[in-house]
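One letter stands for each residue in the lines below.
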Amino acid sequence: MRIPRAAMEAFKSSALISWRSTGKQQQTIARCIEKAGRALHSGALSTVRIWPELAGTGRYFDFRSLLIPASVDFAEDSPLCTTLRKDGHSVRTVEHLLSALEGTGVDNCRIEIMNSGSGSGSDDTSVEVPIFDGSAREWVEAIDQVGLTDAMDCNGRSCDKVAPYLTQPVHVSKGDSVIAAFPANETYVSYGIDFPQVSDLSLKWYSSSFCTGSIYSKQIAPSRTFCVYEEVEKMRSAGLIKGGSAENAVVFSISKGLLNPPLRSPEEPCRHKVLDFIGDVSLFARSGSQGLPVANIIAYKGGHSLHAEFVRKLSSTS
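Residues numbered from 1 in each chain as written. Predicted model: local features only at pLDDT ≥ 70, side-chain atom pairs only at ≥ 80, totals over all residues. Heavy atoms only, no water.

In this structure the tally under the stated criterion is one cavity of 30 Å³ or more. Of the pockets and cavities examined, the largest cavity occupies roughly 90 Å³. Forming the boundary of the largest cavity are 14 residues, of which Glu76, Thr82, His304, Ser305 and Ala308 lie nearest the centre. At the level of secondary structure, the elements contributing two or more residues to the lining of the largest cavity comprise β7 (75-76) and α7 (304-316). Element by element, the count of residues in the lining of the largest cavity is highest for α7, at five residues. (1 Å grid on protein atoms, 1.4 Å probe; cavity = no way out; pocket = protein on both sides within 12 Å on 5 of 7 lines; lining within 4 Å. Points joined across faces, edges and corners; volume = space filled by probe spheres on them. Helix = DSSP H or I, 4+ residues; strand = E, 2+ residues; numbered from the N terminus.)

The subject of this paragraph is the packing of aromatic side chains. Summed over the entire model, instances satisfying the criterion amount to six aromatic pairs. Judged by centre distance (5.9 Å) and plane angle (15°), the rings of Trp205 and Tyr300 are stacked. Of this pair, Trp205 sits in strand β17 (residues 204-209) while Tyr300 sits in strand β21 (residues 295-300), and the two are 95 residues apart along the sequence. Trp205 gets classed as partly exposed once you look at its relative accessible area, which sits at 41%. (Phe/Tyr/Trp six-rings, centres within 6.5 Å; stacked < 30°, edge-to-face > 60°. Buried < 20%, exposed > 50% of the residue type's maximum accessible area, 1.4 Å probe, protein only.)

With respect to the helices, strands and loops of the structure, Asn260 is situated in the loop between β20 (257-258) and α6 (268-281). Once residues lying within four places of it in the same chain are set aside, the contact partners of Asn260 are Ala246, Ala249, Val250 and Val251. Engagement of the side chain of Asn260 in a polar contact is seen with the backbone oxygen of Ala246, the distance being 3.1 Å. A distance of 2.9 Å separates the side chain of Asn260 from the backbone oxygen of Ala249, its partner in a polar contact. (Contact = heavy atoms within 4.5 Å. Polar contact = N/O pair within 3.5 Å; in protein donor to acceptor, adjacent residues only side chain to side chain.)

Where nonpolar side chains cluster on the molecular surface, the patch consists of Phe182, Leu203, Trp205 and Ile298 and spans about 370 Å² of accessible area. Positionally, Leu203 belongs in the loop between β16 (188-193) and β17. (Patch = residues over 30% accessible without salt bridge, like charges linked within 9 Å, V, L, I, M, F, W, Y side chains within 5 Å. Areas by Shrake-Rupley, 256 points an atom, 1.4 Å probe, with all protein chains shown as cover. Salt bridge = Lys/Arg side-chain N within 4 Å of Asp/Glu carboxyl O.)

Before going further, it helps to examine the sheet that holds strand β9 (residues 89-92). Taken together, four strands build an open sheet; the order of strands is β7-β8-β9-β11 and the sheet is mixed. Sheet topology places β7 and β11 (126-128) at the edges, where each strand pairs with a single neighbour. (Pairing = 2+ DSSP bridges.)

Take the packing of helix α2 (residues 95-104) against α6 next. Running from N to C, α2 and α6 cross one another at 80°; their axes reach a closest spacing of 7 Å. Relative to α6, the element α2 is oriented roughly perpendicular. Of the residues in α6, those in contact with Glu95, His96, Leu98, Ser99 and Glu102 of α2 are His272, Leu275, Asp276, Ile278, Gly279 and Asp280. The residue inventory of the contact of α2 with α6, partitioned by class, reads three nonpolar, four polar and four charged. (Axes fitted to C-alpha atoms, helices over the stretch in contact; angles between N-to-C directions. Parallel < 35°, antiparallel > 145°, perpendicular 65-115°, else oblique. Nonpolar A, V, L, I, M, F, W, Y, C, P; charged D, E, K, R; others polar.)

All we've got here are geometric facts, nothing functional implied.
Encoded structure:
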């Protein structure tokens, strides 16, 4: 196994990150995946095709023949989702798909995405990944159906997969939201939420190690996004969740509690925050590497913007 020369510069260790071999080869999907569905925020229909790619390529979107790397360099702040933008074109709500790819070990792929029907947010410069049931489960099932294979470079050789090991404590915060990470020998994530106005969402935590892909597929991927019913109209007035429904989100009410039971696990909202975190932190990946740092990570009341700031903190010194 080897690392392509062109990628060596990206994997120079620093005071904060040490890039080390995982002992595994970079992987890609064995054949194309195609899925279509309605987007959460725009309400538009879109089609996604995920294609195998060469080792060392990493993950990137192909929208109207414009290639947008799944990198924090192209991430921009947007309400309630993660958006990648390049040259005036944007791909929105990428976090669940990227989480599934990172969690199952699809290191290299081309993600072709297109608007596939009329919708309230459909245009020539923006597209949104389908929401499906609000989790990453359908993406994981599609990946499992086609299977993974070792990715080869243009010379037909396999490449070593490396991972970022944290070597010093690091943290980012905004108000009472914080993400802190500490050096460790395996990845361990603890995530806390607190919506005091909703008793079912008041100060809850979920913690898990991520030593195998099956942990992600079984414990994280099925967890759906969630919302507070009394805030729905405010979000719709802001041009968000036009495609949202009880079929693609867990809905809680301040006065009535959970409106569409049952939960898929007692900590489903916290697990979904971990799902989002993995998708957002996958933007730290480069040249077919792992994006999720090997570290003990503790997050409290974080969101997509703070996740991106955490990745930028890692990137700024690596």
